[in-house]
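Structural overview
Take a look at the letters that make up each chain.
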Amino acid sequence: MCPRGARLLTGEGGLLERARSVCHCLLIEGAEGLVLVDTGFGRGDIEHPRQLGRVFSTIVSPQLDPAETAHAQVLALGFQPGDVRHIVTTHLDLDHSGGLPDFPDADVHLLSRELAAALSPDWRARTRYVAAHWRHGPRWVEHDAGGDQWMGFQAVRILPGAGGEIVLVPLPGHTLGHTGVAIRQGDGWLLHCGDAFFHHGEVQTPPYSPPGIRIFQDINQTDGKVRRENRERLRELAAAHGGEVELICSHDPYLLEQEPAPAFA
Ligand SMILES: [Zn+2]
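What comes next is a walk through the structure.

What counts as what
Residues numbered from 1 in each chain as written. Predicted model: local features only at pLDDT ≥ 70, side-chain atom pairs only at ≥ 80, totals over all residues. Heavy atoms only, no water. Pairing = 2+ DSSP bridges. Helix = DSSP H or I, 4+ residues; strand = E, 2+ residues; numbered from the N terminus. Axes fitted to C-alpha atoms, helices over the stretch in contact; angles between N-to-C directions. Contact = heavy atoms within 4.5 Å. Buried < 20%, exposed > 50% of the residue type's maximum accessible area, 1.4 Å probe, protein only. Core = buried A, V, L, I, M, F, W, Y, C linked by side-chain atoms within 4.5 Å. Donors = N, O, S within 2.8 Å, 3.2 Å for Na, K, Ca; no water. Tetrahedral: all angles 85-135°; square planar, octahedral: opposite > 155°, others 65-115°.

The next thing to look at is the sheet that holds strand 4 (residues 107–111). An order of 1-2-3-4-5 is seen for the five strands of this open sheet, with the pairing classed as mixed. Looking at the sheet topology across the chains shown, the edges are occupied by strand 1 (26–30) and strand 5 (139–143). Direction aside, neighbouring strands of the sheet carry axes that sit 25 degrees apart on average. Strand direction decides the pairing type here: strand 1 and strand 2 (residues 33–37), joined by five bridges, are antiparallel. In the sheet register, Leu-27 faces strand 2, and the bridge partner there is Leu-36. The strands that helix 6 (residues 112–119) touches are strand 4 and strand 5; relative to strand 4, the one it contacts most, it runs at about 95 degrees.

In structure tokens, the structure reads:
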């Protein structure tokens, strides 16, 4: 995605220059097949870009390159789309759910609150959710923000048997049912924080957040207080357990390029 305002959004570049933002998805080889965390934009968005809405497309300017879809990247790795048995979504915003129709046979794991919010959006949420992303009837697997614990966070263990253990770590605020996804890698964890933060500086100590990111987050939130509290807890987690837990988010290209491809047994 290439919104204008690079300096405000990243702290670098010109005021009107386009920034670069990514949709950071993960593909995990588990014992039961492939697990996809978030799906970015999908083939349907490329065929019918108007379903994303004119305001979103004008402001965010998604590039909609077929080669960048999860579907194309799964094929390029030598797998079939049907090998993706599970999808785990941080939330159902349009830039995270577009690939759902490309994997119709997968179980789609998410928090119940997010599914309810997306299927019956109130007037403020109407433009963030695209009903075409679930018109095919996904195999939803709803989870409640449950009683497990993970690194001091409330958590839900969802795929204990899938090679790398996968845990939902609810991080509401951006949307009602927004969740992080923790994946065990060796002795440590990779925590995909979705849109709980947008710039790596937000979870560094001392924290840094470009002004344009702050404005964008304030506009696109369902509960600002809870969102800021969760982001602060993530910063504390990174400060206390940085060697054990690696934090990534959805849209920061710096964190996509930093990420080494982890090897799962
Ligand atoms: Zn997003």
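Now that the structure has been shown, we can carry on.
Side chains Leu-26, Ile-28 and Gly-30 project from strand 1 onto a buried face, and the interleaved Leu-27 and Glu-29 project onto a face without burial. In sequence, strand 1 turns back onto strand 2 through a hairpin of two residues.

Now for the nonpolar core. The biggest cluster of nonpolar side chains holds 19 residues, and the ones touching the most others in it are Trp-150, Leu-191, Cys-193, Phe-197, Leu-234 and Leu-247. When residues of this core are traced back to their parent elements, those giving at least two are strand 7 (153–159), strand 8 (166–170), strand 10 (188–192), helix 8 (224–241) and strand 11 (245–248). Excluding residues that lie within four positions of it along the chain, Trp-150 makes contacts with Ala-155, Arg-157, Val-167, Val-169, Ala-182, Trp-189, Leu-191, Leu-237 and Val-245. Of all hydrophobic cores here, the second largest spans 18 residues; its members include Leu-92, Ala-106, Leu-115 and Tyr-129.

It is worth spelling out the coordination of the zinc ion at this point. Taken together, the protein ligands of the zinc ion are Asp-95 (OD), His-96 (NE2), Asp-195 (OD) and His-251 (NE2), with distances of 2.1 to 2.4 Å. Considering all four donor atoms around the zinc ion, the spread of angles at the metal, 81 to 164 degrees, places the coordination shape in the irregular class. The sequence motif formed by the donor residues of the zinc ion is D-H-x98-D-x55-H. Linking Asp-95 in helix 5 (residues 94–97) with His-251 in the loop between strand 11 and helix 9 (253–258), this pair joins segments that are 156 residues apart in sequence. Judged by its relative accessible area of 7%, His-251 falls in the buried class.

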